[in-house]
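Reading the structure
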Amino acid sequence: MALLEINQISKTYATGEVALRGVDISLNGEEVVAVLGLSGSGKSTLLRCINRLVEPDSGTVILDGVNITKLNKSALRKARRNMGMVFQEFNLVDRLTVLENVLSGTLGSSGTLRSIFRAFKTEDIKRGMALCARVGIIDHIRKRADQLSGGQRQRVGIARALMQRPKILLVDEPTSSLDPKIGAEVMDLMSSISKEDRIPMLVSVHDVQLATKYSDRIVGLQNGLKIFDDRTATVDSESLGRIYDMES
Ligand code: ADP
Ligand code: MG
């Protein structure tokens with residue numbers, strides 16, 4: 001069985017918007033899979049259905065043999081530690097320092113009291129600092145998160161996701177709040193880490209160039225339907241045209 005099995009996931013929002021129509025994706029280890037699609041095609045909903053930030057209406061998500069869709073609240077909280085999430089808008093806590101934001105990636109496992117008193121374990125602090133060094137923000141760890149640039153803030157988000165030792169990285173348009181050069185650096189960093197640490201990554205992008213440069217496989221979404229799923233090396237412009245209904 002694949003590390004992640006998404007079977008027939010469907011979601012219609014309360015507003016009547018149909019976001020996903022029976023999507024299947026299976027993801028094996030050591031793979032960077034780009035989810036490509038126009039705005040509104042269902043990329044964010046798909047990523048959020050995996051960790052149930054959005055509850056799918058039907059279908060199953062199985063991560064490393066665990067049926068995520070069936071878990072009760074406390075079991076879900078535990079299972080989410082296996083999924084490192086990186087967001088488009090970074091989702092940092094602005095008033096906390098960079099290091100505190102990174103360390104918050106361990107809070108799921110260290111309990112509420114620790115988080116109230118910000119009493120992190122020494123081993124976690126060491127690990128958090130090593131991760132900050134790895135993603136290139138070690139010089140900024142004592143600054144408030146809101147003092148950093150967009151690219152640096154996304155690096156904090158990446159370190160925080162890695163802090164929880166995830167089995168998989170779920171990344172939603174990590175570069176769309178960044179200018180293209182910085183965005184490419186962030187994609188490069190994430191795909192290298194995914195390879196080096198053998199953590200597969202499902203990353204949504206709407207930029208064709210970024211998807212083809214940094215992924216092993218591309219899944220195309222259109223209107224909540226998967227219309228494409230193939231190795232990036234074999235992707236041609238005609239297939240991408242179908243995903244995008246190319247304007248050019
Ligand atoms: P993408 O990330 O590819 O832009 P989304 O998953 O955000 O796509 O959206 C898919 C569809 O679901 C769109 O039609 C969007 O308007 C709708 N949608 C997304 N989030 C919500 C929500 N919270 N409430 C209602 N409709 C939503
Ligand atoms: Mg989105």
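What you are looking at is a predicted structure, and each value in this text was computed from that prediction instead of being measured. (Residues numbered from 1 in each chain as written. Chains lettered and ligands numbered in written order. Predicted model: local features only at pLDDT ≥ 70, side-chain atom pairs only at ≥ 80, totals over all residues. Heavy atoms only, no water.)

**Notes on the overall build of the protein chain**
Helix and strand counts for the protein chain come out as nine helices and 10 strands. On C-alpha atoms alone, the protein chain measures out to a radius of gyration of 18 Å, which is about the 18 Å that the 2.2 N^0.38 rule sets for 248 residues. For the protein chain, the C-alpha atoms occupy an extent of roughly 50 × 40 × 35 Å along the three principal directions. The 248 residues of the protein chain split such that 50% are buried. (Helix = DSSP H or I, 4+ residues; strand = E, 2+ residues; numbered from the N terminus. Rg over C-alpha atoms; globule rule 2.2 N^0.38 Å. Buried < 20%, exposed > 50% of the residue type's maximum accessible area, 1.4 Å probe, protein only.)

**A word on the site of ligand 1**
Taken together, the residues surrounding ligand 1 are Tyr13, Thr15, Glu17, Ala19, Leu38, Ser39, Gly40, Ser41, Gly42, Lys43, Ser44 and Thr45. Looking at which element gives the most residues to the shell around ligand 1, the answer is helix H1 (residues 43–50), with three residues. Counted by class, the shell around ligand 1 contains three nonpolar, seven polar and two charged residues. (Near = heavy atom within 4 Å. Nonpolar A, V, L, I, M, F, W, Y, C, P; charged D, E, K, R; others polar.)

**Regarding the side chain of asparagine 101**
Tracing the backbone shows asparagine 101 in helix H3 (residues 98–103). Beyond its immediate stretch of four places on either side in the chain, asparagine 101 contacts Leu92, Val93, Leu96, Ala145, Val156 and Arg160. (Contact = heavy atoms within 4.5 Å.)

In short, the description is geometric, and any link to function would need to be established separately.
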